[in-house]
Amino acid sequence: MYRYICHYYDIPFGTFSSGTFEWLCNKAIDDIKAKRWDKEKAFDYIFIDESQDFPQSFIELCELVTEKKVFIAGDVFQNIFRPIADNVNRADMVLKKCYRTDPKNLMFSHALGMGLYEKPVLRWLKNPEWDACGYNHRELNGRVHLSRDPLRRFEDIPQDFKSTSLHGVDGDDDLCNKFIEIINGIKTRHPTLTQGDVAVIFLDTERYIYDEVSKLVRKVKSSLGWDSNVSFESKSRQANKFFISNINNAKGLEFPFVICFAKNLSRSSSFRNALYTMMARSFLESHLILGNATDKVVLQNINDGLDFLTKNNYMDVRLPTQEEIEKQKDFIVLDEALSLETLVRKYCSGRKSTPRLIAKIISRVSAMLSEIDDYDTEYVLGLIELEYQRNKVL
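Description of the structure in this document. In this text, all values refer to a predicted model and were calculated from it rather than measured experimentally.

What counts as what
- Residues numbered from 1 in each chain as written.
- Predicted model: local features only at pLDDT ≥ 70, side-chain atom pairs only at ≥ 80, totals over all residues.
- Heavy atoms only, no water.
- Pairing = 2+ DSSP bridges.
- Helix = DSSP H or I, 4+ residues; strand = E, 2+ residues; numbered from the N terminus.
- Axes fitted to C-alpha atoms, helices over the stretch in contact; angles between N-to-C directions.
- Contact = heavy atoms within 4.5 Å.
- Salt bridge = Lys/Arg side-chain N within 4 Å of Asp/Glu carboxyl O.
- Buried < 20%, exposed > 50% of the residue type's maximum accessible area, 1.4 Å probe, protein only.
- Parallel < 35°, antiparallel > 145°, perpendicular 65-115°, else oblique.
- Nonpolar A, V, L, I, M, F, W, Y, C, P; charged D, E, K, R; others polar.
- Phe/Tyr/Trp six-rings, centres within 6.5 Å; stacked < 30°, edge-to-face > 60°.
- Lys NZ or Arg CZ within 6 Å of the ring centre and 35° of its normal.

A few words now on the sheet that holds strand β6 (residues 198-202). The parallel open sheet is built from six strands, whose spatial order is β5-β10-β9-β6-β8-β7. The open sheet is flanked by β5 (164-168) and β7 (228-230), the only strands paired with a single partner. For this sheet, the mean angle separating the axes of adjacent strands, direction not counted, is 20 degrees. Here three bridges tie β7 to strand β8 (residues 242-246), and the two strands are oriented parallel to one another. Within β8, the position partnered with Asn229 by the bridge is Phe243. Contacting β5, β6, β8, β9 (255-262) and β10 (282-290), helix α7 (residues 175-189) runs over the sheet at an angle of about 150 degrees to β10. Contacts between helix α8 (residues 208-224) and the sheet are confined to β6, β7, β8 and β9, with β8 contributing the most and set at about 175 degrees to the helix.

Structure representation (structure tokens):
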């Protein structure tokens, strides 16, 4: 789209190395306005999906080059720690139902991400925000009942169907065996299960996950006879294979069954947001495996909350104090600010990267980030991976 706009208006085209996409869109706006364009605009209509993934300057650029109307669709709650009020207020229509996953799984995924069963909570919404996100909200004696309206897509599923399960794994236990145990349980409940129906997603970003993935590939082959698709290697869906991924390569996908693993329930905003989005990738069952570093009291509270939700179809959570709500930003553990060099060297370790390649990646990514005021580790890791694939022949 951006390339075509530059071609149509005969303005300079900027590559990824020229600056951020936000900066390039702002420059394109300035270049087009400087031309005092009085000819036919490039488009009559533009439809933008996943608008939350684009900078505001891209939306403004589309409006500038469209004759009649720009239609914008996005998820105001895809990042549960981002303010949603402004986006909702600007919207012409708010769609409050999610048809991908069972409402109980979506509620529990939100609860995990927002820390609703923990003290203090990590995120609490105002009443209009609960409504905008599709929740029925009722306060009662210091408790809050949160529910979502049932969906016709899931009306044939029994009311007590367990769409979400929580599992623990001890330090001495073999994680691969736990995955196989869960998959065998799914096969018992759903005899027609195929290898392409299941996804395993590692939520942590540490290097250990690559060793675990290699072991899991071998384990499912020997125990189940399944072929695996390791998404961060194949960069593709491959619907007829058992899907294994990290968080960076599972976005936008959905599966009948999802199994997530994390060593601990980190309170960092990026982890909790990944936890919510990945757990909500299933439309039948989601399973979360947590390591033994998880706080036992927190784990018990979450388990109790999940049992209540499964039986009653609504969440019963503690109403945070006013002080807790006002200071909720203080309770979020900020992601550790690692230097770019550290991130690059950590990514390249074990990949037989030459010093020249490491220096090249640091230089390229540093140039890209120089124009950005706010970004997270996940975004930087994505750039590092992109530059590694582009320059690994060095």
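Having put the structure on the table, let's press on.
This part takes up the pattern of salt bridges. Going through the model one piece at a time under the given rule, you end up with 13 salt bridges. Among the ionic pairs, Glu285 bridges to Arg189, the shortest N-O distance being 2.8 Å. Note that Glu285 is positioned in strand β10 and Arg189 in helix α7, a separation of 96 residues in sequence. By relative accessible area, which is 2% here, Glu285 ends up buried.

Turning our attention to the packing of helix α5 (residues 103-114) against helix α10 (residues 269-279). Packed helices, taken two at a time, are described by the angle between their axes plus the distance between the axes. Where α5 contacts α10, the two axes come as close as 8 Å, and the packing angle between them is 170 degrees. If you check the angle between α5 and α10, you find them roughly antiparallel. Contacts between α5 and α10 pair Asn105, Leu106, Ser109, His110, Leu112 and Gly113 from the former with Arg272, Leu275, Tyr276 and Met279 from the latter. For the contact of α5 with α10, the per-class residue count stands at five nonpolar, four polar and one charged.

A separate point is the packing of aromatic side chains. Remark: the centre distance and the inter-plane angle together describe each pair of aromatic rings, the angle taken between the planes. Considering all chains together, one arrives at 22 aromatic pairs under this definition. Residues Phe47 and Phe71 carry aromatic rings whose centres are separated by 4.8 Å and whose planes lie at 10 degrees to one another, so their mutual orientation is stacked. Taken together, the residues Phe47 in strand β1 (residues 43-48) and Phe71 in strand β2 (residues 66-72) connect sequence positions 24 residues apart. Residue class for Phe47 comes out exposed when judged on its relative accessible area of 65%. What makes Phe71 partly exposed here is its relative accessible area of 36%. A ring pair is formed by Trp130 and Tyr135, whose centres lie 5.3 Å apart and whose planes are at 75 degrees; its orientation type is edge-to-face. Taken as a pair, Trp130 and Tyr135 share a single burial class, namely buried. Over the aromatic face of Trp37 sits the side chain of Lys39, whose NZ or CZ is 5.4 Å from the ring centroid. Residue placement shows Arg351 over the ring face of Tyr210; its charged tip is 5.4 Å from the ring centre.

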